[in-house]
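# Breakdown of the fold
Here are the chains, one letter per residue:
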Amino acid sequence: MSKVKTTYVCQECGIDSAKWLGKCPSCGAWNTMVEEKFTKPTGNEKYNYVKTNNKPASLSQIEPDKYKRLDTCINEFNRILGGGIIPGSLILLGGEPGIGKSTLALQTALKAKQLKTLYVSGEESLEQLKIRAQRINIDNDACLFLNETSLEAILNHISHEQPQFVIIDSVQTLFSETIDSVPGSVSQIRESAGRLLRMAKEKHIAVLLIGHITKDGTIAGPKVLEHIVDTVMQFEGDNRHSYRILRSNKNRFGSTSEIGIFEMNASGLHEVQNPSELLIPHSAEELSGVSIACTIDGIRPFLIEVQALVSTAAYGTPQRSSTGFDTRRLNMLLAVLEKRVGFHLAAKDIFINLAGGIKIIDPGIDLAIISAILSSNVDMPISRATCFTGEVGLTGEIRPVDRIDQRIAEAEKLGFKHMVIPKGSKLQSAKSYNIKITQASKLDKAFKEVFA
Ligand code: TYD
Ligand code: MG
C-alpha cells in the first residue's frame, strides 16, 4: 500500500516543510505555506516511461540530426525559439488570461501540418476548440485533440499516439492521481511538469506547456517549473489593443533578445513584419505634444509615437500618469527638466501615452518623452519627419544608447529626415546615411535644434 504524506508547501517558491510556518524560511513570503498531501510511491506502480534506455555517450557519438528543429510554420514563433522547436524540449508559455496563449498554441498546431500534434486541453471542450479552429480557419486532420486533465491518462495517450509535438493547455489544470492535492497546487504542477519532462526527453517529443500567471506577472506555481523547462516564453500586451508581444525569458537553445510581434484580429493572430508602420499614424497634421521615438526591444528596432499632454492642474496635487512608460521614470525626467533645464512643471498635470498599448522599457525613449512634454507645454509641434533616441541622465546629459546604427537604419528606412541622437554615439558608417543626424550632449542643445 502506498503511504499518504502531508507536507506544507510554499506556493511562492515551492519549498516544503514538515510543519506549518507563517513565514517561508526560503523566500521570506508570509502566509504562503499550504498543506498538501501526496502518496509516496511504493515502487510497484507501473510507469513504463520511467524505465529508460539512456546510455552515456561522447559528443562524437551524438547524432546532431536527431535534434533537427521542428518548424512551427509561424516565422515569429520560430525566431524566438531560435529557429524552431527542438524535439524533446519543454516550452513554457505564460501570459495573462485572454491574451491569446490558447490561440497561439492552436494556430501552431493547425499550421504545422507536417507535424503529428496532440493538443490536450483541460480548459476547453472539443466543441469549443472546434469553434476556435473555425475562427482561425485552418484545416489540419493530422492534429489530434483531447479534452483531459488526468496526467496518467494524458501520458497513456501520448505513448499510444506517439505524436511529435504535444500542447498542454494548461499546466495548472493537470492532476496526478499519485498526489492528493488540488490541480494548480505546487506539488501537482511540479509532479506534472517533472513527468512530462521525463517523457519528452525519453521519447524526443516536444512539449508546449501553457501556464497561467499570477497578479504580479510571474508564472503561477513554483519557480522550479521555470527551472526544469528549456524555454520560458511570455505573451504580453494590452487586452484593449490588438498588439501582442512574444518574448523569451529563458532559452536553452537560442537567444533571449528576440521578440515576436503579433496582431490579434477576428481570424486569430497575425505576424507583424514591420511594427513601426503600425505604431506611427500616417496623418500629415502636426500637433503639439507628439514626438516619435526610435526604440529597441530585444534586438528589434522600431519607431513609436509618444503623446504627452501638459495642462494646468485643476486640483492641488498635480497628476502624473503614463501608459506604456514607467511612471517613476517619468517623475525622474520631470525632476531633471525642472532642475537642469529650468522648466517649471511642478503645478502641471502631465499625461503620457504610447501608441498601441505597447510597454517600453528601453531607456532610449527618454529623449522622445521629454520632447513630447515640452512640445505640449509650449504648444509647438515637432516636425513629423524628426525622431529621437537617447537616454537622459540625472544631470540633464543625453547618454548613448545601444545599437545606434540599427536605430538610424530603421528611421531612415521609414523615411525620416532628421534624427536627434546622443553625442558620442559610436557610429560605424556616419557618412553613408541619408538622414540628417544631430548629436546632442545636453537637453538644451537638443531643444534648440527641434524648436528652432
Ligand atoms: P485566448 O487564446 O483564449 O487567451 P488565453 O488562452 O491566453 O486566455 O484568447 C482569447 C481572446 O482572443 C479573446 O478575448 C478573443 C480573442 N480572439 C480574437 O480576437 N480572435 C480570434 O480569432 C480568437 C480565436 C480569439
Ligand atoms: Mg486559454
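Residues numbered from 1 in each chain as written. Chains lettered and ligands numbered in written order. Predicted model: local features only at pLDDT ≥ 70, side-chain atom pairs only at ≥ 80, totals over all residues. Heavy atoms only, no water.

With that settled, the discussion passes to unusual backbone geometry. Along the chain, Asp169 connects to Ser170 via a cis peptide bond; the corresponding omega equals 0°. Considering the arrangement of structural elements, one finds Ser170 in the loop between strand S7 (165-169) and helix H5 (186-203). Phi at Asn31 takes a positive value of approximately 55°, unusual for a residue other than glycine. Following the sequence through the fold, Asn31 ends up in the loop between strand S2 (16-17) and strand S3 (33-40). Judged by relative accessible area, which is 62%, Asn31 ranks as exposed. Backbone geometry places Asp379, a non-glycine residue, at a positive phi of 55°. You can see Asp379 is positioned in the loop between helix H9 (366-378) and strand S17 (386-388). For Asp379, a relative accessible area of 57% translates into the label exposed. (Helix = DSSP H or I, 4+ residues; strand = E, 2+ residues; numbered from the N terminus. Buried < 20%, exposed > 50% of the residue type's maximum accessible area, 1.4 Å probe, protein only.)

Our next topic: the pairing of strand S8 (residues 206-212). The buried fraction of S8 amounts to six of the seven residues, a majority that puts the element mostly inside the structure. Across six bridges, strand S4 (residues 90-95) lies against S8 in parallel orientation. Paired with Gly95 across the bridge in S8 is His212. Handedness of the crossover is the feature at issue here: the chain leaves S7, passes through H5, returns alongside S8, and the resulting connection is right-handed. (Pairing = 2+ DSSP bridges. Right-handed = clockwise from strand over helix to strand, strands pointing away.)

With that settled, consider the domain arrangement of the protein. When cut into domains, the protein gives domain 1 (3-40), domain 2 (67-273) and domain 3 (277-450). A separation of 28 Å is found between the C-alpha centroids of domain 1 and domain 2. Opposite the 11 residues of domain 1 that make contact, domain 2 presents 11 residues. Both faces combined, the contact of domain 1 with domain 2 buries some 800 Å², and carbon together with sulfur accounts for 46% of it. In this assembly, domain 1 and domain 2 are joined by zero salt bridges. Where domain 1 touches domain 2, the interface holds three residue pairs in polar contact (both at pLDDT 80 or more). Those elements giving two or more residues to the side of domain 1 that touches domain 2 turn out to be strand S1 (3-10) and S3. For the side of domain 1 that touches domain 2, the residue count by class is four nonpolar, three polar and four charged. (Domains from an automatic or database assignment. Contact = heavy atoms within 4.5 Å. Buried area = accessible area lost by both parts, 1.4 Å probe. Salt bridge = Lys/Arg side-chain N within 4 Å of Asp/Glu carboxyl O. Polar contact = N/O pair within 3.5 Å; in protein donor to acceptor, adjacent residues only side chain to side chain. Nonpolar A, V, L, I, M, F, W, Y, C, P; charged D, E, K, R; others polar.)

Moving on, we come to the sheet that holds S4. Taken together, nine strands build an open sheet; the order of strands is S6-S5-S7-S8-S4-S9-S10-S11-S12 and the sheet is mixed. Of all the strands in the sheet, the pair left with one neighbour each is strand S6 (144-147) and strand S12 (268-271). On average, each strand axis in the sheet is inclined to that of its neighbour by 25°, with strand direction left out of account. Here five bridges tie strand S5 (residues 117-121) to S7, and the two strands are oriented parallel to one another. Residue Val120 lies in a different strand from S7, and its bridge partner there is Ile168. On top of the sheet, H5 reaches S4, S7 and S8; it is set at about 140° to S4, its chief contact. (Axes fitted to C-alpha atoms, helices over the stretch in contact; angles between N-to-C directions.)

Here the focus is the site of ligand 1. The full set close to ligand 1 counts 15 residues, and Gly98, Ser102, Thr103, Asn265 and Gly268 are the nearest of them. Between ligand 1 and Arg132, the relevant distance is 3.0 Å, taken from an oxygen atom to a side-chain nitrogen or oxygen of the residue. A distance of 3.1 Å separates an oxygen atom of ligand 1 from a polar backbone atom of Ala266. The dominant element in the shell around ligand 1, judged by the number of residues it contributes, is helix H2 (residues 101-111), at three residues. Counted by class, the shell around ligand 1 contains four nonpolar, seven polar and four charged residues. (Near = heavy atom within 4 Å.)

Taking 1.5 Å as the rise per residue, helix H8 (residues 327-341) with 15 residues should run 21 Å; its terminal C-alpha atoms sit 20 Å apart, in good agreement. Leu330, Leu333, Leu334, Val336 and Leu337 are the residues of H8 that are buried. Seen from one end, H8 has its buried residues packed into an arc of 155°, which puts them on one side. H8 presents Arg328 and Lys339 as exposed residues on the side facing more than 90 degrees away from its buried surface. Check the buried side of H8 and you find it contacts strand S15 (320-323), strand S16 (348-354), H9, strand S18 (391-392) and helix H11 (443-450). (Expected span 1.5 Å × (residues − 1). Arc of directions from axis to C-beta.)

Now for the packing of H8 against H9. At a minimum axis separation of 11 Å, H8 and H9 run at an interaxial angle of 65°. As H8 packs across H9, the resulting crossing turns out to be right-handed. Mapping the contact onto sequence places Arg329, Leu330, Leu333, Leu334 and Leu337 in H8 and Asp366, Ile369, Ile370, Ile373 and Leu374 in H9. Looking at side-chain class alone, the contact of H8 with H9 contains eight nonpolar, no polar and two charged residues. (Left-handed = near helix turned anticlockwise from the far one by under 90°.)

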